[in-house]
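# An overview of the molecular structure
This is what each chain is made of:
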Amino acid sequence: MSTYSRTVSPAVPATPTVARARTGLIQITVTGVLWGTTGVAVQLLRESTGLSPVSIGFHRLAIAALVLLACTAGRMRSLLTALRATPVPLLLTGVGLGLYQALYFAAVALAGVGVATVVSLGLAPVLAAAWESVRARRLPGPLRLGTLVAAVAGLALITGATAEPTTAAPAPLLGLVAAAGSGLGYAVSTLISRQVSQRTAPMPLTTISTAIGALTLAPFALVAGVGVPVRVDTVALLLHLGVITTALAYALFYAGLRTTTGSVAAVLTLLEPLTAAALAVALLHEPLPLPVLVGGALLLTAVAATYLRPTRPDAP
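Attention here is on the structure that accompanies the text.

Parameters at a glance
- Residues numbered from 1 in each chain as written.
- Predicted model: local features only at pLDDT ≥ 70, side-chain atom pairs only at ≥ 80, totals over all residues.
- Heavy atoms only, no water.
- Helix = DSSP H or I, 4+ residues; strand = E, 2+ residues; numbered from the N terminus.
- Contact = heavy atoms within 4.5 Å.
- Areas by Shrake-Rupley, 256 points an atom, 1.4 Å probe, with all protein chains shown as cover.
- Phe/Tyr/Trp six-rings, centres within 6.5 Å; stacked < 30°, edge-to-face > 60°.
- Core = buried A, V, L, I, M, F, W, Y, C linked by side-chain atoms within 4.5 Å.
- Buried < 20%, exposed > 50% of the residue type's maximum accessible area, 1.4 Å probe, protein only.
- Salt bridge = Lys/Arg side-chain N within 4 Å of Asp/Glu carboxyl O.
- Axes fitted to C-alpha atoms, helices over the stretch in contact; angles between N-to-C directions.
- Left-handed = near helix turned anticlockwise from the far one by under 90°.
- Nonpolar A, V, L, I, M, F, W, Y, C, P; charged D, E, K, R; others polar.
- Expected span 1.5 Å × (residues − 1).
- Parallel < 35°, antiparallel > 145°, perpendicular 65-115°, else oblique.
- Patch = residues over 30% accessible without salt bridge, like charges linked within 9 Å, V, L, I, M, F, W, Y side chains within 5 Å.

In this section: the overall build of the protein chain. A tally of helices and strands in the protein chain yields 14 helices and zero strands. Helices and strands in the protein chain line up, N terminus first, as α-α-α-α-α-α-α-α-α-α-α-α-α-α. Across the protein chain, the fraction of contacts at a sequence separation of at least 24, relative to all contacts at a separation of at least 6, is 91%. Carbon and sulfur atoms provide 73% of the accessible area of the protein chain, an area that totals close to 14800 Å².

Below is the structure:
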């Protein structure tokens, strides 16, 4: 009996850890898919309203903040407690949320969709993995390195094949700088919010960060114009952006960060451009070139690798 106990006892505590890790992976995977619907919604909204991307980003965060504040109206004490406990990290998370969106929109306008997407989204997991390796004082393992290479290569193939060849790039160098700033902001915001998520519940964290993000974008949006025609299609698109792709998606993202490293989270959210490409084919009847298929296979392989070997939250 004693031999049996010694044999099986080490496996008992590992089960909930692995289960929680896989739950976090699922939450962030769903986040990437939800974020992938943003592109089509923004495109339809711009065509019907003429709003600038920054103004749409402001409306998106503002609606999310209002909805979340309404949902937490009876639990304002939890929001105040969270603010008192970690005021600076929460402020940085919210400001980062607003700024990396604004920088990405600027990169699209200055350098085109392809450069903005590859640099900003591709840089984030690499930077996050580098930072985690520095903290752990060891290089990432072969599986992690292979996952990063496959994910970034898949992103480059998908973006290169789906970006319009006639996309204007009036200031490519400035656009590259803006895209790099966006990628850096996304990586830093993810790493900071991951630390905050260990001490703050997902709902207060999402509520506070979206409210701060909306306030950060407000000056830019006011300059660009925030007027919106009140129509059923316009309201539906704005609600989708605010409630589904922001309030729900970021709540899942922050919940998943409790058990998922920042670099893995950044890889999983690369499902965003893959989802966007799939929706463009299904809803906008765009062609499906071979690079998109190959890039999608690489991205899905990278995502599958994270599921096959879920890591501890503090693993490099």
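All right, on to the packing of aromatic side chains then. Scanning the model with the defined rule gives six aromatic pairs in all. Taken together, a centroid distance of 5.8 Å and an interplanar angle of 50° make the contact between Phe-253 and Tyr-254 tilted.

Turning next to the nonpolar core. Grouped together as the largest cluster of nonpolar side chains are 51 residues, with contacts concentrated most on Phe-58, Tyr-250 and Phe-253. When residues in this core are grouped by element, the largest group, seven residues, is from helix 10 (residues 202–224). Residue contacts for Tyr-250: discarding those within four places in its chain leaves Trp-35, Arg-60, Leu-97, Tyr-100, Gln-101, Thr-206 and Thr-245. Of all hydrophobic cores here, the second largest spans nine residues; its members include Leu-51, Ile-56, Ile-63 and Leu-241.

On to the pattern of salt bridges. Taken as a whole and judged by the stated rule, the model has two salt bridges. Linking Arg-144 and Glu-132 is a salt bridge whose minimum nitrogen-to-oxygen distance equals 3.9 Å. A residue pair is termed long-range when its members are at least 10 positions apart, and Arg-144 in helix 8 (residues 142–162) and Glu-132 in helix 7 (residues 113–136) qualify at 12 residues. Neither residue differs from the other here; Arg-144 and Glu-132 are each classed as buried. Put simply, Arg-231 and Asp-233 hold a salt bridge, and the shortest N to O gap is 3.3 Å. Overall, the relative accessible area of 34% leaves Arg-231 in the partly exposed class.

Moving on: the packing of helix 4 (residues 53–71) against helix 11 (residues 232–256). Angle between the axes and distance between the axes are the two parameters that describe a pair of packed helices. Contact pair helix 4 / helix 11: the axes reach a minimum separation of 8 Å and the direction vectors enclose 65°. Helix 11 is crossed by helix 4, and the crossing has right-handed handedness. On helix 11, the residues touching Ile-56, His-59, Arg-60, Leu-61, Ile-63, Ala-64, Val-67 and Leu-68 of helix 4 are Leu-238, Leu-239, Leu-241, Gly-242, Val-243, Thr-245, Thr-246, Ala-247 and Tyr-250. The class makeup of the residues in the contact of helix 4 with helix 11 is 12 nonpolar, four polar and one charged.

Right, let's talk about helix 3 (residues 38–49) for a bit. In this model, helix 3 (12 residues) spans 16 Å end to end at C-alpha, consistent with the 16 Å of a helix rising 1.5 Å per residue. Within helix 3, the full set of buried residues consists of Thr-38, Val-40, Ala-41, Val-42, Leu-45 and Thr-49. Residue Gly-50 follows helix 3 closely and has a positive phi angle near 75°.

At a minimum axis separation of 9 Å, helix 10 and helix 11 run at an interaxial angle of 125°. By the angle between their directions, the pair helix 10 and helix 11 is classed as oblique. Read as a crossing pair, helix 10 and helix 11 show a hand that is right-handed. Residues Pro-202, Leu-205, Thr-206, Ser-209 and Thr-210 of helix 10 form the contact with helix 11, whose own contacting residues are Thr-246, Ala-247, Tyr-250, Ala-251, Tyr-254 and Ala-255.

Looking at the element boundaries, Ser-133 is found in helix 7. On the basis of relative accessibility, which here comes to 9%, the residue Ser-133 falls in the buried class. If sequence neighbours within four positions are ignored, Ser-133 has contacts with Arg-138, Leu-139 and Pro-140.

Further remarks concern a nonpolar patch on the surface. Together, Leu-157, Leu-288, Leu-290, Leu-293 and Val-294 make up an exposed nonpolar region whose accessible area comes to about 430 Å². A per-element tally of the nonpolar patch places helix 14 (residues 290–308) first, with three residues. By the secondary structure assignment, Leu-290 is in helix 14. Residue Leu-290 is classed as exposed on the basis of its relative accessible area, which comes to 59%.

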